[in-house]
Structure formats: structure tokens, C-alpha cells
Amino acid sequence: MCRFCDKEKEESWELFSTPKEKLPPQPNEVERIRAEPRERTPPPVRTETKAKKEPNRWLASGEADAGDTEILWLAMALNFKGFPTVEEQKEWYKKVLLDETRAREQREAWKPLSTGDGAWPLKGKSSTLFEPIERALKCCTWTHSDYEKIGTAIQLWDGPGQHDGLGKTQLDSYIHKPPLGSRLNKKTAPPVRWRTWSVVKVAAMMKEHGVALRRALKLDVDPLTAPTSWDRIAAAEERASTAEKQLQEKQRATAKLVGTHRKLKDASKKKHRSVLRAEERAKLLQQQKEAKSALLSSLAAGGAGHLGQRRGEAASDSTTLRHQLGGQTA
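In this report, the structure presented in the accompanying data block is examined. Predicted, not measured: the structure shown is a model, and the values here were computed from it. (Residues numbered from 1 in each chain as written. Predicted model: local features only at pLDDT ≥ 70, side-chain atom pairs only at ≥ 80, totals over all residues. Heavy atoms only, no water.)

## Focus: the environment of Pro132
Here's step 1: Structurally, Pro132 can be placed in helix α6 (residues 131-139).
Here's step 2: Setting aside chain neighbours within four positions, we find Pro132 in contact with Leu78, Gly82, Phe83 and Trp92. (Helix = DSSP H or I, 4+ residues; strand = E, 2+ residues; numbered from the N terminus. Contact = heavy atoms within 4.5 Å.)

Laid out in C-alpha cells, this is it:
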């Protein structure tokens with residue numbers, strides 16, 4: 001074969017064949033390291049910071065009326081250090097409550113009466129109505145045990161105003177920096193909160209719960225072991241669950257007794273029915289016996305009469321026959 005022909009065949013074959021794929025250029029070492037997937041280190045876990053201890057909020061902030069806990073604290077303070085005797089305490093709150101309706105209507109604009117019925121004389125510029133509170137908070141000495149006693153009594157209180165954890169810090173701050181009440185307008189300065197119409201609510205609590213307040217202040221309970229409101233809620237829930245279980249047990253026992261009673265009642269009914277049926281059968285048998293004996297006696301009586309009648313008829317027939325025979329012979 002001609003070598004030129006072979007060369008032409010190779011060239012024609014290359015024209016119709018696909019070109020060879022070129023390999024991509026090999027990256028250098030740096031690019032290879034950059035191209036490799038790397039495991040990302042997770043971000044550092046933030047450690048939870050301890051939550052700041054929330055302040056023991058038991059007072060309304062700013063200028064406001066006294067809340068339930070504040071009313072309870074003032075009532076206990078008056079019972080503890082405000083009056084030397086219970087009789088003087090009763091006279092004070094009875095006189096204060098004479099003006100209760102007007103105080104609740106006027107609220108911020110209310111001021112104690114200085115003239116007329118139920119009036120409180122002025123001592124300087126202030127009314128003598130507030131003297132017991134001022135004497136209890138400012139004139140008397142408060143010790144650490146006094147604060148603990150009232151704080152524990154407020155914690156153990158079962159009613160409006162109950163609050164946990166009150167002690168010297170909160171109560172001493174109230175005495176030396178008393179909160180302000182609602183002002184009448186912007187031109188006047190806000191009064192101290194216990195010098196407002198809230199004193200009427202203090203008097204109402206002392207009238208309604210005077211005995212309970214005095215009893216609470218006499219309790220000898222360690223503040224560290226005194227049950228909180230959460231403890232009492234848990235105890236109440238436990239008592240409720242126990243009572244519910246006892247109620248369910250009683251209901252099951254009652255249902256069982258009712259079922260037993262129903263069964264006994266049904267059995268007694270069946271027994272009564274069987275007794276009635278037996279009595280009815282006995283009566284029927286007795287009636288049958290009586291009817292049978294009556295029938296037999298009637299049959300016996302009827303047969304004897306019929307026999308006597310036949311005998312009488314036979315006797316008369318025989319006499320007649322004799323007479324006939326006698327007449328014929330003659």
C-alpha cells in the first residue's frame with residue numbers, strides 16, 4: 001500500500017473524530033489547601049449569667065394610693081406600737097370610719113374634718129387623726145426582732161395583703177423614706193401616702209380583722225421556717241388531691257353499697273314472688289280440696305235421698321199390688 005494513502009486516511013479520520021479532552025491545570029499546594037473543606041469550629045457557648053435578684057416589690061412605685069400589703073403593714077404597726085390599749089384603738093378606727101363615705105368619694109381631695117361631728121382638731125397644720133400612725137412609725141423604736149415579727153406575720157397572713165420575705169430592709173425603708181400618695185394637682189406637692197384617704201382603708205381593716213391581727217402578732221414562729229405563700233399553695237393542692245381521692249373512694253364504696261342493696265332488693269323481690277306463688281298454690285289446693293269434699297258430700301246426700309225415694313216408691317207399689325190382688329181374690 002502507498003504510504004501517502006495511509007497518511008490521507010489518518011488525516012480524514014482525525015477530521016471526523018472528537019478532539020482529546022485536555023486535563024485542567026493542577027493547582028498548587030496553597031490553592032489545594034484552600035479548596036479543601038474545613039470543619040468549622042462551633043462558636044463558643046455563652047454561659048448563662050445568673051439572673052439578677054428582683055427587688056421585693058410590695059409597694060406601688062411613684063405617686064399612688066396604698067396597696068393591700070401596705071394597708072396590712074400599717075394596720076399591724078398600729079396594733080403593735082400605735083395604741084397602749086385595745087379600747088383606744090377601737091375608739092380611733094370607729095371615729096375614722098364615720099367619714100368613710102366622703103373619703104371614698106373624694107379620694108385625693110379628701111381631708112379630715114376639723115369642725116363638726118367627727119372632727120379631728122388640728123395640731124399645728126396637721127390633723128390629729130394621723131397621730132397614732134406617726135407615733136407608731138416615728139416616735140417608737142423599732143428593733144430587728146420587731147421587723148422580723150411583723151414580716152413573719154405578714155407572710156403568714158391568710159387574706160389580702162399577704163407578702164413573702166418582708167424584713168428590716170423593706171420596713172425600715174418605709175419608715176425613713178415613706179412613699180408618696182397621689183397629688184390633687186400639679187401645683188401641690190404630693191402628700192405622704194399614709195396621710196391620704198388610704199387611712200380609711202387601714203381603719204376598715206382594723207375593724208374587720210382586729211382580733212386576727214393581734215393574734216398574728218402574738219405568733220412565735222421562726223422567720224426562716226415560716227411557710228411562704230407557695231408552700232401553703234402546695235399544701236392546699238395536696239389537701240385538695242387527698243380530699244379528691246377520699247371522695248372517689250367514698251363514691252366507689254357508695255356505688256358498691258348501692259349495687260349490693262339493689263341485688264338484695266331484687267333477691268327479696270324474687271323471694272317474695274316465690275312465697276306469693278306458693279301461697280297462691282296452697283290456696284288453690286285448699287279450694288280444690290274443699291270443692292272436692294263439697295262435691296262428694298253433695299253426691300252422697302243426693303244418692304241417699306234418691307235411694308229413700310226409690311224405697312218409698314217400691315213400698316207404695318207393693319201395697320197397691322197387694323190391694324189389687326186382694327180385690328181380685330174377693
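## Focus on the packing of aromatic side chains
Here's step 1: A complete count under the given rule lists seven aromatic pairs for this structure.
Here's step 2: Ring centres of Trp73 and Tyr174 lie 6.0 Å apart, and the angle between their planes is 85°; this geometry places the pair in the edge-to-face category. One end of the pair, Trp73, is in helix α3 (residues 68-82); the other, Tyr174, is in helix α8 (residues 168-176), with 101 residues separating them in the sequence.
Here's step 3: Judged by its relative accessible area of 0%, Trp73 falls in the buried class.
Here's step 4: Taking the relative accessible area as the measure of exposure, Tyr174 reaches 1% and is therefore buried.
Here's step 5: Here the aromatic rings of Phe80 and Trp142 are separated by 5.9 Å at their centres, their planes lie at 55°, and the arrangement is tilted. With Phe80 in helix α3 and Trp142 in the loop between α6 and α7 (144-156), this pair connects stretches of sequence that are 62 residues apart.
Here's step 6: The rings of Trp58, Trp73, Phe80, Trp142, Tyr147 and Tyr174 are connected pair by pair, giving a single aromatic cluster. (Phe/Tyr/Trp six-rings, centres within 6.5 Å; stacked < 30°, edge-to-face > 60°. Buried < 20%, exposed > 50% of the residue type's maximum accessible area, 1.4 Å probe, protein only.)

## Quick look at the environment of Lys81
Here's step 1: Relative to the elements of secondary structure, Lys81 occurs in helix α3.
Here's step 2: A C-alpha to C-alpha distance of 4.9 Å links Lys81 and Ala136, two positions 55 residues apart in sequence.
Here's step 3: Filtering out sequence-adjacent residues up to four positions away, Lys81 remains in contact with Ala136, Cys140, Thr141, Trp142 and Asp146.
Here's step 4: Separated by 3.4 Å, the side chains of Lys81 and Asp146 make a polar contact. (Polar contact = N/O pair within 3.5 Å; in protein donor to acceptor, adjacent residues only side chain to side chain.)

## Topic: the pattern of salt bridges
Here's step 1: Per the stated rule, a full pass over the model turns up eight salt bridges.
Here's step 2: Where Arg183 meets Glu63, a salt bridge forms, and the shortest distance between an N and an O atom there is 2.6 Å. With Arg183 in the loop between α8 and α9 (198-217) and Glu63 in the loop between α2 (29-35) and α3, this pair connects stretches of sequence that are 120 residues apart. (Salt bridge = Lys/Arg side-chain N within 4 Å of Asp/Glu carboxyl O.)

## With respect to the environment of Pro112
Here's step 1: Along the chain, the position of Pro112 falls in the loop between α5 (100-106) and β1 (122-123).
Here's step 2: In this structure the C-alpha to C-alpha distance between Pro112 and Arg102, which are ten residues apart in sequence, comes to 9.7 Å.

## A word on α9
Here's step 1: Taking 1.5 Å of rise per residue, the 20 residues of α9 would be expected to cover 28 Å, yet its terminal C-alpha atoms sit only 22 Å apart, more than 12% below that figure.
Here's step 2: At His209, α9 shows its maximal bend, which comes to roughly 85°.
Here's step 3: Of all the positions in α9, only Ser198, Val199, Val200, Val202, Ala203, Met205, Met206, Gly210, Leu213, Ala216 and Leu217 are classed as buried.
Here's step 4: Contact partners of the buried residues in α9: α3, α4 (86-97), α5, α6 and α7. (Expected span 1.5 Å × (residues − 1). Bend = angle between axes of the 7 residues up to and from the residue.)

## What about unusual backbone geometry?
Here's step 1: The phi angle at Arg107 is positive, at roughly 55°, despite the residue not being glycine.
Here's step 2: Inspection of the secondary structure assignment puts Arg107 in the loop between α5 and β1.

## Section: the packing of α4 against α9
Here's step 1: Where α4 contacts α9, the axes come no closer than 8 Å and their chain directions differ by 145°. Pair α4 / α9 crosses with left-handed handedness. Within the contact between the two elements, α4 uses Val86, Gln89, Trp92, Tyr93, Val96 and Leu97 and α9 uses Val199, Val200, Ala203, Ala204, Met206, Lys207 and Arg214.
Here's step 2: Grouping the constituent residues of the contact of α4 with α9 by class yields ten nonpolar, one polar and two charged. (Axes fitted to C-alpha atoms, helices over the stretch in contact; angles between N-to-C directions. Left-handed = near helix turned anticlockwise from the far one by under 90°. Nonpolar A, V, L, I, M, F, W, Y, C, P; charged D, E, K, R; others polar.)

## Digging into a nonpolar patch on the surface
Here's step 1: Taken together, the side chains of Leu295, Leu296 and Leu299 make up a nonpolar region of the molecular surface, amounting to roughly 310 Å² of accessible area.
Here's step 2: With respect to the helices and strands, Leu296 occurs in helix α10 (residues 229-329).
Here's step 3: Of the residues examined, Leu296 reaches a relative accessible area of 52% and is grouped as exposed. (Patch = residues over 30% accessible without salt bridge, like charges linked within 9 Å, V, L, I, M, F, W, Y side chains within 5 Å. Areas by Shrake-Rupley, 256 points an atom, 1.4 Å probe, with all protein chains shown as cover.)

## With respect to α3
Here's step 1: The element α3 is extensively covered by neighbouring structure, given that twelve of its 15 residues are classed as buried.
Here's step 2: Residues of α3 that are buried include every one of Thr69, Glu70, Ile71, Leu72, Trp73, Leu74, Ala75, Met76, Ala77, Leu78, Asn79 and Gly82, and no others.
Here's step 3: The inward-facing, buried residues of α3 abut α4, α6, α7, α8 and α9.

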